[in-house]
Number of protein chains: 2
Amino acid sequence: MPRPMTRIQIRNSETILEAALDVFSAHGFRGATLDQIAEVAGLSKPNLLYYFPSKEAIHRTLLTRLLSTWLDPLRDMDAAGDPVAEVMGYMRRKLELSRDYPRESRLFAIEILQGAPRMREAIEGELTALVAEKAKVLQHWMDEGRIARLDPVHLVFSIWALTQHYADFDVQVRAVLGSGHDPYAEAGAFLETLYARLLAP
Amino acid sequence: MPRPMTRIQIRNSETILEAALDVFSAHGFRGATLDQIAEVAGLSKPNLLYYFPSKEAIHRTLLTRLLSTWLDPLRDMDAAGDPVAEVMGYMRRKLELSRDYPRESRLFAIEILQGAPRMREAIEGELTALVAEKAKVLQHWMDEGRIARLDPVHLVFSIWALTQHYADFDVQVRAVLGSGHDPYAEAGAFLETLYARLLAP
DNA sequence: GCAAGATCTGACCATTTGGTCAAAACCCCT
DNA sequence: AGGGGTTTTGACCAAATGGTCAGATCTTGC
């Protein structure tokens, strides 16, 4: 019987999740402290725990919200569209996600890196099922000779790896590029070329 | 005046670093505890601190050792060799590093993800310099028309991203592939194709 | 066999941290 | 204005954690 949230509840829950995203994505679950999150959120620690039952619950809420955002672009890959354009579009949207939501990307990366202790079922269920479905679409396109024949799952991995790299390894990317660069603009051009050559039948 | 290490010192230092690699790569710096490391090493906590002055020192030692191993394959890319073979060889060696030293890969990834708090200078110095040097070599090959014209730094990024993905996101890779797969063998074949098409002049 | 040094440990400490609770402050409706 | 529910907080805990230290135990060169 979930009674409706008051305006204050909505506002504060959001504030807390926003602050928690900041802190968790920068320090990992164990490295983040409730005091830090409270500080960033501008609330007292007991007040956080009035809105969420535990540190773990805050983290879990963030991950759950994240997953659907993360998978949406892949879901949008349309079996009825033009194959090369669809794959390119997916890559583009994923790169934009890295650019616009780097904290989310890092939160996800840290979770997977540490063995996905709080996301195992989601990874093994929802994500795996979606990839399997889209791999079938890609395979179909390959069988029709509309894109080059490749391992479709590893093709998806390559898009994940190449786009998330720019969010997750941001510090390294910027250090190596030096100043006066727009990493995401350059990455967009590079990846466009890469997939154009890779996918050409 | 660093007096030579006794046999026991060498053995125990190694044991500790090995255990610490296990624990740090699985839980991050903050998430790892000295008790855990001591447990894995089969030593008492005060004994760890007899060999290393602090938790931080253990971590720092691991990172320092790691960096040179990590950069060696890139260093080996030979300006005098055959361009395509050299880039392919680098990719191969980097993939083997992911396969054979996944803990090291994850340790490094976690450090960069969190903003490289203990590796900043190494990233900005040694790594950046090496990439700049090798980018020049790649550029030269492109100017000679021996490999396709691409942004050389982003080409290096792509190798990092695509190879490290298999170590860092191992859980996800295995979940999505399901059983009965050899991720690294498949990745090797996929990446061979990818770079063959990308680099062809 | 024995001293001198190296190695190891139990007991301990201060701090940090996730979480609790009773009471205070606040908000909103009539 | 006032009362009932909502929100907020200071004070407090217990457990975990990095680190210390005095002394016990083991090695090693002679």
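Residues numbered from 1 in each chain as written. Chains lettered and ligands numbered in written order. Predicted model: local features only at pLDDT ≥ 70, side-chain atom pairs only at ≥ 80, totals over all residues. Heavy atoms only, no water.

## Re the domain arrangement of chain A
Residue and element names in this part refer to chain A. For clarity, the threshold we go by: The start and end points of each domain follow an automatic or database-based domain assignment. Joining two parts hides part of their accessible area as seen by a 1.4 Å probe, and the buried area is that hidden amount summed over both. We define a salt bridge as a contact between a side-chain nitrogen of Lys or Arg and a carboxyl oxygen of Asp or Glu at a distance within 4 Å. Counting of polar contacts relies on pairs of N or O atoms within 3.5 Å, with two restrictions inside protein: one atom must be capable of donating a hydrogen and the other of accepting it, and residues adjacent in sequence are counted only when both atoms are side-chain atoms. Asp, Glu, Lys and Arg are counted as charged, while Ala, Val, Leu, Ile, Met, Phe, Trp, Tyr, Cys and Pro are counted as nonpolar; the rest, among them Gly, fall into the polar class.
When cut into domains, chain A gives domain 1 (1–53) and domain 2 (60–199). In this structure, domain 1 and domain 2 have C-alpha centres spaced 29 Å apart. For the pair domain 1 and domain 2, the two sides together bury roughly 970 Å², of which 65% comes from carbon and sulfur. Looking only at domain 1, the three residues that lose the most surface to domain 2 are L17, L21 and S25, adding up to 54% of its buried area. At the surface where domain 1 touches domain 2, the tally comes to 3 salt bridges. The partner of E14 in a salt bridge is R65, with the nearest N and O atoms 3.0 Å apart. Counting across the interface, domain 1 meets domain 2 through 3 residue pairs in polar contact (both at pLDDT 80 or more). In terms of residue class, the side of domain 1 that touches domain 2 is made up of 6 nonpolar, 2 polar and 3 charged.

## Concerning the interface of chain A and chain B
Cut-off, in case you're wondering: For this analysis, residues touch if any pair of their heavy atoms sits within 4.5 Å. Secondary structure is summarised from DSSP: a helix means a run of H or I of at least four residues, a strand means a run of E of at least two, and numbering begins at the N terminus for each.
Between chain A and chain B, the residue contacts involve 53 residues of the former and 53 residues of the latter. Where chain A abuts chain B, roughly 4,500 Å² becomes buried across the two surfaces, and 71% of that area is made up of carbon and sulfur atoms. Put simply, chain A and chain B have 0 salt bridges between them. Elements with a minimum of two residues in the side of chain A that touches chain B: α1 (7–31), α6 (102–113), α7 (120–143), α8 (152–168), α9 (170–177) and α10 (183–199) of chain A. Among the elements that line the side of chain A that touches chain B, the one with the most residues is α8(A), at 12 residues. Grouping the constituent residues of the side of chain A that touches chain B by class yields 31 nonpolar, 13 polar and 9 charged.

## Things to note about the protein's contact with DNA strand C
Rules: A molecule or strand has a residue near it when one of that residue's heavy atoms lies within 4 Å.
The full set close to DNA strand C counts 19 residues, and L34(A), K55(A), T6(B), R30(B) and Y51(B) are the nearest of them. At a separation of 2.8 Å, a phosphate oxygen of DNA strand C approaches a polar backbone atom of L34(A). The separation between a phosphate oxygen of DNA strand C and a polar main-chain atom of K55(A) is 2.8 Å. Of all elements in the fold, only α3 (45–51) of chain A together with α1 (7–31) and α3 (45–51) of chain B reach the threshold of two or more residues within the surface near DNA strand C.

## Looking at the side chain of H165(A)
Along the chain, H165(A) turns up in helix α8. Setting aside chain neighbours within four positions, we find H165(A) in contact with W160(A), D170(A), Q172(A), V173(A), F157(B), W160(B) and A161(B).

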